[in-house]
Structures are given as C-alpha cells and as structure tokens.
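Per-entry structural report
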There are 2 protein chains.
Amino acid sequence: MRFFKLTLSYDGTAYAGWQVQSNADTVQARLEHALHSVTGESTRMTASGRTDAGVHALAQVVSFSSTTALACDVLLRALNANLPSDIRVLRVEEAREGFHAIRDAVRKRYRYVLHDAPIPDVCRRAYAWHVRQQLDVAAMQQAASALLGTHDFRSFEAAGSERATSVRTIIDVSVRREPGAEALVVVEVEADGFLYNMVRNIVGALVEVGSGSRPANWIGDVIAALDRKAAGVTAPPQGLFLVKVDYDE
Amino acid sequence: MRFFKLTLSYDGTAYAGWQVQSNADTVQARLEHALHSVTGESTRMTASGRTDAGVHALAQVVSFSSTTALACDVLLRALNANLPSDIRVLRVEEAREGFHAIRDAVRKRYRYVLHDAPIPDVCRRAYAWHVRQQLDVAAMQQAASALLGTHDFRSFEAAGSERATSVRTIIDVSVRREPGAEALVVVEVEADGFLYNMVRNIVGALVEVGSGSRPANWIGDVIAALDRKAAGVTAPPQGLFLVKVDYDE
C-alpha cells in the first residue's frame with residue numbers, strides 16, 4: 001500500500017462543499033470518482049478540512065492510500081484528465097505511511113475577499129462578499145489585531161460543533177485594500193486550526209467594525225464574551241478561500 | 001413613445017453572447033424577456049455592440065423605446081427583479097428621441113485580462129486567459145504603442161466581416177501588471193470603434209511579443225501587412241470585458 005499527499009484547487013461554486021453526500025455533487029465525490037477511473041480502486045479520501053458549499057480552495061490537501069503502481073506525475077495528469085475544469089490537482093506526492101491530512105496538519109491559512117462598492121460586480125458574485133458601503137480598513141486592522149495569539153474562540157464558532165476544545169492560536173491576521181482601481185478588501189487569517197465557520201464569523205464581525213456599526217475594540221469584547229450570539233453576522237461562503245495547509249515534514 | 005438608454009453589466013460565461021439566437025440563451029433574450037414581464041411590450045433592444053459567447057460587460061449600453069409610464073428608477077428595479085444574478089442593470093435613463101446605442105456611440109473601451117503563471121487559477125478560468133509563461137510587460141507596452149492612432153486595422157479583423165471601412169482610431173492603449181501577489185496582466189484599448197474580434201486579435205499578437213516569440217516592433221509589420229494571416233492567434237473570449245461606451249450628450 002502506498003500513501004499519497006495530493007494538493008488541489010477548486011472553484012466551489014458548483015459544489016455542495018467538499019464532503020460526499022448522497023444527493024449532491026461534491027468535490028470529494030468528483031475526486032474519488034476520478035481516482036476510481038484511473039486506478040479501478042474505490043478509495044476514501046480525507047481533506048485537511050471540509051469546505052462548505054460555495055467555498056473555494058487554492059491549495060486544499062488530501063490524503064489517501066492506494067496500491068496503484070503509477071508514478072506521481074502520471075497520476076496527476078490522469079486525475080486531471082478525469083476531473084471537470086473547476087477542480088485541478090496541482091501536486092501528487094508520495095507521503096510517509098499513515099499520513100493523514102487532518103491529524104497531521106499544523107497550520108492553515110484562509111483568505112476572505114470583500115468587494116466594497118455601491119454597485120455589485122457580476123463577475124465577482126461567486127468570489128467575494130459584496131458590501132455596498134466603503135469599509136474602513138484601518139479600523140478593521142486595529143480590530144483584527146485583538147484576534148492574534150491563543151484565545152478561546154467559541155464566540156466565533158457555529159453552534160452545535162463537536163470538538164475537544166475551542167482554544168486556537170491565530171499566528172497571523174491581515175486586512176488590506178488591494179492596490180489598483182477595484183474596490184477589494186482582503187482578510188487573511190492563519191492559525192494552528194479553525195473552529196467551524198470561524199473565519200466567516202470573524203469576517204462578519206470585522207465588517208461590522210469596517211462599516212462603522214461597531215468600534216474597533218468591540219472584537220476584544222466579543223472574544224471575552226465566549227458566546228456566539230455576541231459576534232453578529234456570518235459572512236457568506238463565496239468570499240472564502242482555503243489558501244494553504246502546512247505539515248511538519 | 002419614450003426612448004431609453006440602459007447601462008448593464010453581465011457575466012458572459014453562461015450565455016451564447018449578446019444577440020438573440022433561436023436555440024441559445026443570450027443576454028439580449030433575457031433582457032427583452034425581463035422588459036416584457038415588466039411592461040407587457042415585445043420590444044427589440046439594441047446594444048452598442050454584440051459581445052461573443054463568454055465575453056463580459058462592465059457597462060454595456062442598450063437603447064430601446066417603450067410606451068411604459070414607469071419612472072426610470074422603478075424600471076431599473078423591476079428589470080433587475082426579473083433578471084438572473086449574472087445580468088444586472090446599472091442605470092436606466094431617458095434618452096433623446098431616436099437614440100441608438102450603435103450609431104450614436106463615439107468611443108468604446110475594452111479590457112483584456114491575462115493570467116501568466118505556471119499553474120492555472122480555477123476561479124479565474126472564466127475571467128482570464130491563462131498563459132503559462134511569464135509575460136514581458138515592458139515589451140508588450142512597447143509593441144502596443146505602435147497601435148495608437150489612426151490605422152487600417154484589417155490585420156486584426158476576423159475574416160468575413162462586413163463593414164464600410166477597416167480604418168479605426170485607437171485613442172488609448174495600456175498594458176500593465178496588476179500590483180499585488182497575483183500574476184495578472186491587464187490590456188486596455190480605447191477606440192472610436194472596433195472591428196470584429198479586433199481586441200482579441202490584438203491581445204493574441206501582444207502575447208506573442210510578451211512571451212518572446214516575436215520582437216516588439218513586429219506589431220508595426222502586422223499593421224502594415226493589411227492581412228489577418230500576419231497577426232497570429234486570437235485570444236479566447238473569457239478574458240474580454242467591455243468596460244464602457246461613450247456618447248456625445
């Protein structure tokens with residue numbers, strides 16, 4: 001048995017998220033089907049994290065095992081030949097025995113794209129959250145700095161999640177306006193792990209600050225509240241991109 | 001009878017272009033259908049120019065006449081309520097009698113987006129031309145400068161086009177690399193009018209220069225050749241955006 005680490009990008013617009021579901025088209029189902037077409041094996045794949053419907057990935061990491069004799073680069077080309085154009089395998093690498101995309105992940109980075117302009121951009125409707133009001137990026141930066149470090153982030157966690165602890169460590173958080181004419185504000189968050197909907201809930205709160213509904217120091221109060229109801233809206237899925245997943249090699 | 005000037009944006013991905021066709025979904029058909037739903041009238045609309053399948057518009061201009069008594073802002077909201085999310089009416093204005101979106105246009109501006117990186121970006125596959133090789137923007141800028149001014153552009157015109165003359169005046173042309181991390185090169189061309197496929201043929205030639213296949217001064221030779229076969233490849237439709245259309249008020 002060989003173990004593999006596969007890196008892939010996808011446009012989540014057409015899919016009901018990563019995870020296999022009985023009556024919906026998912027990225028996992030497409031990828032497992034492609035592997036079956038190539039190797040003849042029915043193989044369960046594991047992604048570093050499930051992405052929800054409409055969420056995109058620049059570099060999702062997937063682990064699986066196979067008895068295939070194919071070289072990694074041949075497998076890469078064969079999988080892409082069996083996948084639709086909105087899912088692309090970027091790399092296939094041999095991994096150590098037992099490599100597991102969730103358990104072995106040490107850091108993840110997400111990006112969230114906001115389009116702040118009076119008029120929506122039809123070509124960004126599936127890749128950004130359109131906010132009509134111009135966002136105050138300096139206030140959002142100040143607010144975001146309170147998120148850095150190790151905190152109990154349960155105020156930013158979707159209700160009903162199962163996990164051992166809601167303590168996570170945010171290693172990096174940035175808010176920047178993209179240079180150029182287009183009204184794009186990009187939030188990036190890197191952490192040792194994320195709670196369910198954590199980035200979308202953080203972005204929802206940052207937009208409340210950026211639009212002037214809340215002061216920048218409100219984010220500290222939200223963290224301290226340890227209560228999901230303190231944080232406000234959840235940003236919609238289509239602005240979210242999984243940027244990268246790091247592993248100790 | 002009232003005359004209207006309508007400005008709209010659309011994501012051309014799902015459509016067989018602007019113009020009504022018997023067996024295909026088009027932007028014009030959707031817009032005329034929406035107007036019929038709102039006013040009960042069957043009205044033919046005229047766009048400043050047909051866009052091909054997959055080509056996008058940030059601000060296409062459309063003229064039509066109607067006996068509707070609705071105010072412009074009411075018409076705007078009612079049309080958008082009857083249109084899919086990939087077509088948005090941005091403005092509806094009363095126009096002078098006989099206003100005609102093609103005949104009265106005095107200038108148009110197009111943008112073409114190139115993504116030059118070894119790996120494709122799935123979320124840009126419908127909004128840019130992916131070129132694997134890094135483009136030499138300085139060489140493309142030098143090449144583009146030869147296009148400025150009044151020339152016979154028949155070398156950049158699709159075969160079989162019907163028009164009185166192939167002489168056009170390019171008022172502005174720019175090639176720039178977008179600031180930021182993403183590998184995006186944007187070409188913009190503004191002219192008093194465009195021949196069929198002219199921007200896509202110009203971009204195809206500029207990419208030959210940017211990738212080192214041709215020297216920058218080759219563009220002048222292509223213009224002088226007065227022959228479509230001299231210019232090389234046609235850039236694919238999905239990178240093309242109609243940016244604006246100007247009228248003498």
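Let me begin by describing the structure that accompanies this report.

**Some thoughts on the packing of aromatic side chains**
The relation between two aromatic rings is expressed through the spacing of the ring centres and the mutual angle of the planes. Tallied over the entire structure, the rule returns 10 aromatic pairs over all chains. Between A:F153 and A:F156, the aromatic rings sit 6.5 Å apart at their centres with planes inclined by 50°, giving tilted as the arrangement. With a centroid separation of 5.0 Å and an interplanar angle of 85°, the aromatic rings of B:Y110 and B:F194 are classed as edge-to-face. Here B:F194 lies in the loop between β9 (184-191) and α4 (198-210) and B:Y110 lies in strand β5 (residues 105-116), a separation of 84 residues in the sequence. B:F194 shares its class with B:Y110; the two are buried.

**With respect to the pattern of salt bridges**
All names here are of chain A. Under the counting rule described, the total for this entry stands at 43 salt bridges over all chains. Measuring nitrogen to oxygen at the nearest pair gives 3.6 Å for the salt bridge that ties R107 to E190. Separated by 83 residues along the polypeptide, R107 in strand β5 (residues 105-116) and E190 in strand β9 (residues 184-191) bring together distant segments of the chain.

**As for the environment of A:I170**
All names here are of chain A. Relative to the assigned elements, I170 resides in strand β8 (residues 167-177). Among the residues examined, I170 registers a relative accessible area of 2% and is labelled buried. Taking the C-alpha atoms as reference points, I170 and G149, 21 residues apart in sequence, are found 5.1 Å from one another. Among residues more than four places away in sequence, those in contact with I170 are L147, L148, G149, F153, V189, E190, A191, M198 and I202.

**With respect to the pairing of strand β3 (residues 56-66) of chain B**
Residues and elements named next belong to chain B. When you tally the buried positions in β3, you get nine out of 11 residues, the bulk of the element. As paired strands, strand β1 (residues 2-10) and β3 are joined by eight bridges and run antiparallel to one another. Its bridge partner lying in β3, L6 is registered against V62. Sheet topology places strand β2 (residues 46-47) next to β3; two bridges connect them, and they run antiparallel.

**Focus on the interface of chain B and chain A**
Across the boundary between the two partners, chain B contributes 19 residues, which contact 19 residues of chain A. When the buried surface of chain B facing chain A is broken down by residue, B:V122, B:C123 and B:R125 rank first, second and third, together holding 33% of it. Put simply, chain B and chain A have two salt bridges between them. Residues A:R125 and B:D11 are paired through a salt bridge, measuring 2.8 Å at the closest nitrogen-oxygen approach. Those elements giving two or more residues to the side of chain B that touches chain A turn out to be β1 and β4 (87-95) of chain B. For the side of chain B that touches chain A, the leading source of residues is β4(B), giving three residues. Residues of the side of chain B that touches chain A, tallied by class, amount to nine nonpolar, four polar and six charged.

So, how was this worked out
- Residues numbered from 1 in each chain as written.
- Chains lettered and ligands numbered in written order.
- Predicted model: local features only at pLDDT ≥ 70, side-chain atom pairs only at ≥ 80, totals over all residues.
- Heavy atoms only, no water.
- Phe/Tyr/Trp six-rings, centres within 6.5 Å; stacked < 30°, edge-to-face > 60°.
- Helix = DSSP H or I, 4+ residues; strand = E, 2+ residues; numbered from the N terminus.
- Buried < 20%, exposed > 50% of the residue type's maximum accessible area, 1.4 Å probe, protein only.
- Salt bridge = Lys/Arg side-chain N within 4 Å of Asp/Glu carboxyl O.
- Contact = heavy atoms within 4.5 Å.
- Pairing = 2+ DSSP bridges.
- Buried area = accessible area lost by both parts, 1.4 Å probe.
- Nonpolar A, V, L, I, M, F, W, Y, C, P; charged D, E, K, R; others polar.

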